[in-house]
Each structure stands twice: as structure tokens, then as C-alpha cells.
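This is what each chain is made of:
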Amino acid sequence: MPYPHVIVIGAGLGGLCLAQGLRQRNISFSVYERDVALVSRQQGYRIHIDTRGDCSLTDTLPTELYRLFRATAGVPLPCTPVFDSQLRQLAVLNRDGGTHLAVDRLTLRRILLTGLEDAVSFGKRFTHYRAGSDGRVIAHFGDGTEASGDVLVAADGVNSPVRRQHLPHARVVDTGLRQLYGKVPLTKATRSLFRDEMFAVFTPVIGPGKQFVGVAPVEFPEPPGRAAGRLAPTAALEDSADYMTVSFGSRREHLPYDDAQLKTMNGAELQGATLQLIEEWHPQVRRIIEHWLPESIFPLTLRTSVPIPAWHPSRITLLGDAIHAMSPAGGIGANTALRDASLLAAALGKAAHGQPITDALTDYESAMTGYGFDAVRASADNGQRMLGQDPLPTF
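In this convention, every chain numbers its residues from 1, walking through the sequence in written order. Under the rules for a predicted model, residues below a pLDDT of 70 receive no local features and side-chain atom pairs below 80 are neither given nor counted, while totals for whole chains, interfaces and linings still include all residues. The side-chain values count all of the structure's non-hydrogen atoms but skip hydrogen atoms and water molecules.

Attention shifts here to the side chain of H166. Looking at the secondary structure, you find H166 in helix α5 (residues 161-166). For H166, the residues in contact, after removing those within four places along its chain, are Y129, W311, S314, I316 and L318. Helical segments are the DSSP runs of H or I of at least four residues, strand segments are the runs of E of at least two, and each set is numbered from the N terminus. Any pair of residues with heavy atoms lying within 4.5 Å of one another is described as a contacting pair.

Here is the structure:
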């Protein structure tokens, strides 16, 4: 097997982006994902891809897949208009002049999986790792199997079991915020629910107690299936209709339900509870929530990593939410994970050409923890100021 062989735990956006970058560099890898299929869990809908995220995808994807990504990405207004609960505009936060794309998460994940099917195994729950006698890393899975590699990468999200073993002192804490995610289909009838300026990168409508409704569009330039047939026929994309991601957020103590109750409520119940909470809001905001697709609604506890000092380098490393999960208030979590993936692929490319692996990973981790934890702090500051998020603890 070519050297190094990389074991990637997790087939989310970051893990698959890393795998694409490794394949571009002819580096051997295997990806293991605990979910039994790509669509096993609801993980959110629209994601904002900025200049750094776009550059990372340019670096890691084959040309035809990058073109497919851009062909399926919408271009929202490059700003963040802010409204109060009566739809009085409070501010317009202008974005920088770079790239701003509104992307459907599942569509992007399917693009990232294209061409990697031979190296991605689903239904593989990682349990722990151990050091092999030859210096390699042995990953163990819940089905009793194991895999051996020269590097183990944690791309397994905020609940990362790799992080818990490798960096047991690294904390992930509750932000104090709860969010309900859902979709409103964009049809001739529903488009009028949204003001023109709401077709922006993100639009928060902030009410009493900093409860909020967040709105963000996904408008496909052409149907994804048609775009795939034109640009990358091997990509398994389905035609999807345009929609608005619409979320409701609140401090946990302002909700009449605890976390356990939220998890047992179905979409219609979550929708009804939200309508009760915004009873005094502008009728147009209520109509938006009334048009939520009940089957699309799910609750989420918002958490954040706590930045930690540098750790001793080894053949275990991390990317994305596994090491720097952050509040969505900054809108940069996915972009930071993609940046990690691109940078780590380049570092492992240097290892493939003779640089000692630990030296390559030390360089990667030094850069990644710098910008990654900066993003955690910035997102926490935004969340505290705008949404009432708990202050970020110190290490």
C-alpha cells in the first residue's frame, strides 16, 4: 500500500473534502462513517460558502466536480439585513467583496462523495484506536473489525470519540441556545412571504429575549440532476426544489420544553410550539412559520468547543467540528472545516514526498488551531452579542 495510508473517521463535508484532496494527490486513504447512509440523519439545510470555502473546494475537487458545485450553488445578496419582531429593519451588515454562495448541504455532500465510493464505508462506528507495534495506528469499530493506517484523522464531528480519546481535556460546552431547523418551499405562493432583501446570505429577525427567526435562501441555478448530467454524469444528484431555510432560536430557559421533550416532539408539534412563542410577532413572520414543512423540522442543541493550548504532535489529528465546533452565529463553521481539509491534504502530500509525518502534522495543527480557534472566539462573540449565547469559557 502506498505511504502514507490515511484513515479518516467521518464522511461529513470535511472528511469527504479531505478524501478528495488526498485522491488528487494519489495518497491512499479509507473513510469510515458511522451512519448507514448519506441521508441517515438531518444535519441542516443551507450552508454559506465564502471565499475560503470556495478556494478549498477548488483545491481539492476534480475540475468537473468543482464546476458541478458552482453550477448548483445559488448567489444570495451579499449582506445580512437585521429586523426586529415587527419587521422593522434595524441594520444591514454588508459582507466583504469576496465569494458568497448559498449551497444545499446534501447536494454538496453528494458531490464530495462522487468518485470516492470505493473508499468510503458506511455503518462503521469507531470505538477507539491503539498504537501498532510498527508505529501505525489501529482503528477499532463497533462491529469488531479494525483498520490500520499511518495517520488517523478525526473528521467525526462535535461528538468525536477520537477527540475524547486523543485530547480528553478538550471541552465542548452548551451555548445555552436551542434551535429548530426547517424548510419553506419557494413557490409562487410562498415567495411573497419573504421581502426581497431577505434573499441574502442570512436574515435574522430578532424578538424579545433575543429569540430569533433566521432566514436563508437556497435557489438552484439549474436543477442539480440536470447539472450533473451535463457536467459530471457519475454524480448521483437528484433534482431539488428551491427553498428557504427557516430556523427559530431561543435561550433554553425561555422555552416551555426541556431538551428531552423537544427530542420527542414531531414536526407539527414543534411548529405549533413555535407559533405560540411568536404569537405577538409580525403576522408575516407567523405566516412564514406556518409554511414550515412539518417533516423538515428538527431541534438542535447549539454547542461550542473551548480553545485549548497546543498539544504534543502525533499521528492522530483532527479537523472541523471534531476540534473547533462553533456557534453558527459566525456563519463560518463549514468553511473552516473545508479549509482544514485542504490544508491537511497539502500537509499529507508533503509527507508522501518525504517530510516526516509528525512534522507535516505539526505544521498543519499549528495553522489550523490558530485560525480555527479564532473562528470559535469570533462566533461566540457574535452569538453572545446578537443571540444571548453564554460567554465562551476560558480553558
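Moving on to the packing of helix α11 (residues 333-352) against helix α12 (residues 357-387). At a minimum axis separation of 9 Å, α11 and α12 run at an interaxial angle of 165°. As far as their axial angle goes, α12 and α11 are roughly antiparallel. The handedness of the crossing between α11 and α12 is right-handed. From α11, T336, R339, D340, L343, L344, A347, L348 and A351 reach across to α12, where they touch I357, A360, L361, Y364, A367, M368, Y371, G372 and A375. Looking at the contact of α11 with α12 residue by residue, the class counts come to 13 nonpolar, two polar and two charged. Angles here are taken between N-to-C directions and fall from 0 to 180 degrees, while the axes themselves are lines fitted to C-alpha atoms, restricted in helices to the stretch in contact. Small angles under 35 degrees read as roughly parallel and large ones over 145 as roughly antiparallel, with 65 to 115 read as roughly perpendicular and the rest as oblique. Each crossing gets its handedness from the near helix: less than a right angle anticlockwise from the far helix is left-handed, clockwise is right-handed. By the convention adopted, Pro, Cys, Tyr, Trp, Phe, Met, Ile, Leu, Val and Ala count as nonpolar, Lys, Arg, Asp and Glu as charged, and the other residues, Gly among them, as polar.

Relative to the helices and strands, F199 is located in the loop between β12 (172-185) and β13 (203-206). When a residue's accessible area, from a 1.4 Å probe over protein chains only, is under 20% of the maximum for its type it is buried; when over 50% it is exposed; and in between it is partly exposed. Classification of F199 as buried rests on a relative accessible area of 13%. Distance from F199 to C79, taken between C-alpha atoms, is 9.3 Å for residues 120 residues apart in sequence. Once you skip the residues sitting within four places of it in the chain, F199 turns out to touch P76, L77, L186, R191, F194, P217, E219 and M244.

For two strands to be treated as a pair, DSSP must find no fewer than two bridges joining them. Strand order in the open sheet formed by three strands is β8-β9-β10, and the pairing between neighbours is antiparallel. The outermost strands of the open sheet, each flanked by one partner alone, are β8 (126-131) and β10 (146-149). Here the average twist between neighbouring strands, direction ignored, is 20°. Relative to strand β9 (residues 137-141), β8 is paired through five bridges, and the arrangement is antiparallel. Residue pairing for β9: H128 is matched across the bridge by H140.

With that settled, the discussion passes to helix α2 (residues 51-60). Considered for burial, the residues of α2 that qualify are G53, D54, S56, L57 and T60. Viewed along the axis of α2, the buried residues span an arc of 160°, placing them on a single side of the element. On the buried face of α2, the contacting elements are α1 (13-24), β3 (46-50), α3 (63-71), β6 (100-104), α4 (105-113) and α11. Working note: the arc is built from the helix axis to C-beta atom directions.

Helical geometry note: an α-helix holds 3.6 residues per turn, so side chains three or four residues apart project in the same direction. Burial in helix α8 (residues 267-277) covers these residues: G267, L270, Q271, A273, T274 and L275. Looking at the packing, one finds that the buried side of α8 touches β12, β15 (243-251), α7 (259-264), α9 (283-290) and β16 (298-305). Capping of α8 at its N-terminal end is provided by N266; its side-chain oxygen lies 3.2 Å from the backbone amide nitrogen of A268. Any N or O atom pair separated by 3.5 Å or less is treated as a polar contact, with the protein-specific requirement of one donor-capable and one acceptor-capable atom, and with residues adjacent in sequence counted only for side-chain atom pairs.

Let us look at unusual backbone geometry. A positive phi angle, near 60°, is found at L87, a position not held by glycine. With respect to the helices and strands, the residue L87 is situated in the loop between β4 (79-84) and β5 (89-94). With a phi angle near 60°, K210 is a residue other than glycine that sits in the positive phi range. Its relative accessible area of 32% is what places K210 among the partly exposed residues.

We now examine the nonpolar core. Across soluble globular proteins, you tend to see nonpolar side chains buried next to one another. To define a nonpolar core, start from buried Ala, Val, Leu, Ile, Met, Phe, Trp, Tyr and Cys residues and group those joined through side-chain atoms within 4.5 Å. If you look at the biggest cluster of nonpolar residues, it comprises 79 residues, and the most contacted ones within it are V6, L18, L57, F69, L108 and L152. Per-element accounting of this core gives the leading share, nine residues, to α12. Discounting chain neighbours no more than four positions away, the residues touching F69 are I49, D54, L57, L101, V103, L108 and I111. Core analysis: the next-biggest nonpolar cluster, separate from the first, contains 28 residues, V246, L255, I278 and V285 among them.

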